[in-house]
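Survey of secondary and tertiary structure
Spelled out from the first residue to the last, the chains are:
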Amino acid sequence: SSRTSPITVADYRERARKALPAMIWAYVDGGAEDELTLRANVDDFDKWALRSRVLTGNEGQGLSAKVGNTALDLPVFLSPTGMTGLIQWTGERAAARAAERVGTRAVISTASSYTVEEIADATSENHFFQLYPWTSVRTGESLAKKFIDRAHHAGYSALFVTVDVPVTGNREGERKRGMGIPPTLSPSRVLDAARKPRWAYNFLKHQRISSRMLVDERGAAAAVRSAQKQVSLLRPELCWDDLAKIRDLWDGPMYVKGILDPDDAAAAVRLGADGIVVSNHGGRQLDSALSSIEALPAVVDRVGGSGGVPVYLDGGIRRGSDVVKALALGATAVGIGRPYVYGLAVGGEDGVAHVLEIFREEIARTLTLMGVRDIAELDRSHIMRRGASFR
Ligand code: FNR
């Protein structure tokens, strides 16, 4: 299939797998432990069927959505991915440019390979910033204010606070393949990387960029050393009070990413969150956690709907029909992680833009086939559990 040009996310995945060293592929595509949640994120979309009505005369053209005050031309944004420069050296700069080319935005990770300022310089729209409420290795103090101030000054227009990483998930695939900061190299791993010449060339040429993190350029060495153990920056004792403090540091829209439980969603909204991202970090944290699409309806019932806050979802979105299912179950828009990372690995900025175009086309065609003109019309009447009977 790699002889023909890629036309689906699955095609991009296959090509990305071939382009990347096994160590990097484990980082991109792997999940925690037995990858039950990773698989369920994808597979649980199949438990829903879309209802279709014929001869409606409707063409699916209305795809616009909103995150905060930002209008998006399609209900899909780029979820944050860390160290994206390891995958393809153009990293988050290319991803964000691709996003705005198709009328959407990227959420830029605290652990991005480029700084928030560099990404702002490379783009013409305001993107969104994802905060890890890390602690300084040197002073033991929260870095939240420093990160938030930088994102604010660089023009970022919404804050996504990721709350599902009190510790790093048990990603055994990464451990087996020596993925870490720095990687554990062995002759066979070096050989494997050398067999991916394009990746290896770019990696060597742009090494400084690919493994850098926003955390602290001046103290990057210290940050990287601590990240080796991946504990010093993370604080398992982080709690709701910390979220309240973060709320006070940021004037604009704030979303809490990594929520699966409706009670947590309600707590976040009580503390002033402007919305929720239902997510299990792409199956990279708690294995056996609920899949995103499984968790969505109860969160929407609790905090979403009319009069509620927007509820976004990421995890397992691989087709336009997955997006439509999430919207029918009450999501306002969805994020994609791996799908655009595959595009980046294969084709840099153009690859990411193409993946987003694939989603746009698939969503529009799906709507037309269902007899729906605009995503704003989607609700639970458009979806049924497979095996359920008509009421
Ligand atoms: C992530 N994710 C993530 N989330 C976050 O809040 N900060 C981060 O730095 C990262 N880093 C990261 C790296 C990579 C390689 C992946 C694949 C994922 C999680 C991400 O934002 C999102 O929740 C999932 O990727 C969504 O699932 P899918 O679309 O990959 O199935």
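Residues numbered from 1 in each chain as written. Predicted model: local features only at pLDDT ≥ 70, side-chain atom pairs only at ≥ 80, totals over all residues.

Under an unreviewed UniProt entry, the name given to the protein is Alpha-hydroxy acid oxidase, and the source organism is Rhodococcus globerulus. Word for word, the UniProt comment on the protein under Cofactor (unreviewed entry) is "FMN". The UniProt entry for the protein carries the following comment under Sequence similarities (unreviewed entry): "Belongs to the FMN-dependent alpha-hydroxy acid dehydrogenase family." (UniProt positions renumbered as here; feature names shortened; annotations may be inferred.)

1. A word on the overall build of the protein
Summing up its helical and strand segments, the protein has 16 helices and twelve strands in all. Taking 21 Å as the expected radius of gyration for a compact globule of 391 residues, we find that the protein reaches 20 Å, a close match to that expectation. Structurally, the protein occupies a C-alpha span of about 60 × 55 × 40 Å along its principal axes. Within the protein, the fraction of its 391 residues that count as buried is 51%. (Helix = DSSP H or I, 4+ residues; strand = E, 2+ residues; numbered from the N terminus. Rg over C-alpha atoms; globule rule 2.2 N^0.38 Å. Buried ≥ 20, exposed ≤ 12 C-beta atoms within 10 Å, placed from the backbone.)

2. Notes on the packing of helix α15 (residues 320-328) against helix α16 (residues 338-370)
Packing of α15 against α16 brings their axes to within 7 Å, and their N-to-C directions diverge by 60°. One way to sum up the angle between α15 and α16 is to call them oblique. When you trace α15 past α16, the crossing you get is right-handed. Two secondary-structure elements touch here, α15 through Gly320, Ser321, Val323 and Val324 and α16 through Phe359, Glu362, Ile363, Arg365, Thr366 and Leu367. Class assignment for the residues of the contact of α15 with α16 results in five nonpolar, three polar and two charged. (Axes fitted to C-alpha atoms, helices over the stretch in contact; angles between N-to-C directions. Parallel < 35°, antiparallel > 145°, perpendicular 65-115°, else oblique. Left-handed = near helix turned anticlockwise from the far one by under 90°. Contact = placed C-beta atoms within 7 Å. Nonpolar A, V, L, I, M, F, W, Y, C, P; charged D, E, K, R; others polar.)

3. A look at α15
Judged by how many residues are buried, α15 sits mostly within the fold: nine of nine residues are covered. All of the buried residues along α15 are Gly320, Ser321, Asp322, Val323, Val324, Lys325, Ala326, Leu327 and Ala328. Following α15 by one or two positions, glycine 330 adopts a phi angle in the positive range, close to 115°.

4. Some remarks on the site of the ligand
Lining the immediate surroundings of the ligand are 23 residues, of which Ser79, Gly82, Ser109, Gly282 and Gly337 lie closest. Elements with a minimum of two residues in the shell around the ligand: α2 (22-29) and α16. Along the lines of polarity and charge, the residues of the shell around the ligand split into seven nonpolar, 13 polar and three charged. (Near = placed C-beta within 6 Å.)

5. A closer look at the confidence of the model for the protein
Caution applies to low-pLDDT regions: their predicted coordinates should not be interpreted in detail. Here the protein averages 93 in pLDDT, and 94% of its residues register 70 or above. Throughout residues 217-221 the model reports pLDDT below 50, and contacts reaching past four residues in sequence, or to other chains, amount to two contacts. Both confidence scores are given for the complex: pTM 0.96, ipTM 1.00. (pLDDT = per-residue confidence, 0-100.)

6. Here's the deal with unusual backbone geometry
We note that glutamate 33 has phi near 45°; this positive angle belongs to a residue other than glycine. A positive phi is found at leucine 55, a non-glycine position, where the angle reads about 55°. You can see leucine 55 is positioned in the loop between β1 (48-50) and β2 (65-67).

7. Some remarks on the pairing of strand β8 (residues 254-259)
Among the six residues of β8, six are classified as buried, and the element is accordingly described as predominantly covered. Taken together, the four bridges between β8 and strand β9 (residues 275-278) define a ladder with parallel strand orientation. When the sheet's bridge partners are listed, tyrosine 255 is paired in β9 with glycine 275. Once you follow β8 into helix α13 (residues 262-270) and on to β9, the crossover reads as right-handed. (Pairing = 2+ DSSP bridges. Right-handed = clockwise from strand over helix to strand, strands pointing away.)

8. Focus: the sheet that holds strand β7 (residues 159-162)
Across the sheet, which stays open at both edges, the eight strands sit in the order β4-β11-β10-β9-β8-β7-β6-β5 with parallel pairing between neighbours. Looking at the sheet topology across the chains shown, the edges are occupied by β4 (76-78) and β5 (107-108). Two elements, strand β6 (residues 128-131) and β7, share three bridges in a ladder whose sense is parallel. Bridge pairing links phenylalanine 129 to leucine 159 in β7. Set on the sheet, α13 makes contact with β8 and β9; between it and β8 the angle comes to about 160°.

9. A few points about the environment of alanine 120
Within the secondary structure, alanine 120 is located in helix α5 (residues 116-122). Its 22 C-beta neighbours within 10 Å are what place alanine 120 among the buried residues. Note: C-alpha distance between alanine 120 and tyrosine 156 (36 residues apart in sequence) is 8.1 Å. With residues near it in sequence (within four places) discarded, alanine 120 still touches Ala154 and Gly155.

10. Regarding the packing of helix α4 (residues 91-101) against α16
Running from amino to carboxyl end, α4 crosses α16 at an angle of 20°, the nearest separation of the two axes being 7 Å. When the axes of α4 and α16 are compared, the pair comes out roughly parallel. The two elements α4 and α16 cross, and the hand of that crossing is left-handed. Along its contact with α4, which presents Ala94, Ala95, Arg97, Ala98, Ala99 and Arg101, the element α16 presents Tyr340, Leu344, Gly348, Glu349, Val352, Ala353 and Leu356. Of the residues that constitute the contact of α4 with α16, the class distribution is nine nonpolar, one polar and three charged.

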